[in-house]
Amino acid sequence: MTKNPISPFYAIHSLWQHRQLILDMAGRDALGKYKGSRLGIIWSLLTPVFMLAIYTFVFSEIFRARWTPASQSKAEFAIALFSGMIMFNLFSEIINRAPTLIVSNANFVKKIVFPLEILACVSLFSAMFHMLVSTAVLLLFQLIMNTYLPWTVLLLPFAVLPLALLCLGISWFLSALGVFIRDVGQTIGLLVTGLMFLSPVFFPLSAIPEKWQGLARLNPMVFPIEMARDVLVWGKTPDWAEWGIYLLMTLLVAWAGFVSFQKTRRGFADVI
């Protein structure tokens, strides 16, 4: 195993070596949000069910919205919207939390042997738990409404993988930056909210005027949202060449974030 602390192989080795610790901490983190409540983990199921019901009622009965002009389905808009929200919520939950990830775990900073780099992965796995519950709710609703599911739902992990790498890279970078600049948290919250309305969550990418299409595709959330919607709702297979390019880019983002984290971690204890 390489001794270079900024090597991508070092990152892979560290995460794999501490995989059981990551899973244990992620489990406690995901379930800890419901600690003390009467319904406990059931809230993780009730929340997406409630939101999907609201989306269906508001957009089908009040706005009478249709995802495509030719669509006759009242629930299609809610299904398409919710599939996009699942992917964006995964991103926003991790990124909004990233600036305080190290600060809120200051007790770990003092422990020389604790692998601080795994905290970003713990946050990722915790958010993915909620994503999986929401996805299960969406698939069940879709099965009830359409009486079938496209086989392409099996390709969802391919949409999640590059997004997970993107989130890891940004989380490593922001968690390190948040130690030294505490205003990062408020700034990121605003940026993530703005990004949500600029991403194809509430509308299809085709709805964007042609002159802005090229610029819109620079948004890193466009590809995972569109791919997730294609495989979950429309039954379309992805463009694998485009997927490969996006995966490579997110791998570079993950490595860049890890490098920035490793280069600044020695100063954490002095600031905290």
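Residues numbered from 1 in each chain as written. Predicted model: local features only at pLDDT ≥ 70, side-chain atom pairs only at ≥ 80, totals over all residues. Heavy atoms only, no water.

Participant: Tell me about helix 10 (residues 222-234), and name the residues and values.
Facilitator: Given 3.6 residues per helical turn, the α-helix brings residues three or four places apart onto the same face. Burial analysis of helix 10 places 10 of its 13 residues in the buried class, which makes it a mostly covered element. Inspection of helix 10 places V222, F223, P224, I225, M227, A228, R229, V231, L232 and V233 among the buried residues, and these make up the whole buried set. For helix 10, the elements touching its buried residues are helix 4 (76-97), helix 6 (118-146), helix 7 (156-180), helix 9 (210-216) and helix 11 (240-264). One or two positions beyond helix 10, positive phi appears at G235, with a value near 70°. (Buried < 20%, exposed > 50% of the residue type's maximum accessible area, 1.4 Å probe, protein only. Helix = DSSP H or I, 4+ residues; strand = E, 2+ residues; numbered from the N terminus. Contact = heavy atoms within 4.5 Å.)

Participant: So what about the packing of helix 3 (residues 43-62) against helix 6? Which residues, and what values?
Facilitator: Closest axis-to-axis distance for the helix 3/helix 6 pair is 9 Å, and the angle between their directions is 50°. Judged on the interaxial angle alone, helix 6 and helix 3 are oblique. Crossing of helix 3 over helix 6 shows right-handed handedness. Contacts from S44, L45, P48, V49, L52 and T56 of helix 3 reach helix 6 at F129, H130, V133, S134, V137, L138 and F141. Its residues placed into classes, the contact of helix 3 with helix 6 shows nine nonpolar, four polar and no charged. (Axes fitted to C-alpha atoms, helices over the stretch in contact; angles between N-to-C directions. Parallel < 35°, antiparallel > 145°, perpendicular 65-115°, else oblique. Left-handed = near helix turned anticlockwise from the far one by under 90°. Nonpolar A, V, L, I, M, F, W, Y, C, P; charged D, E, K, R; others polar.)

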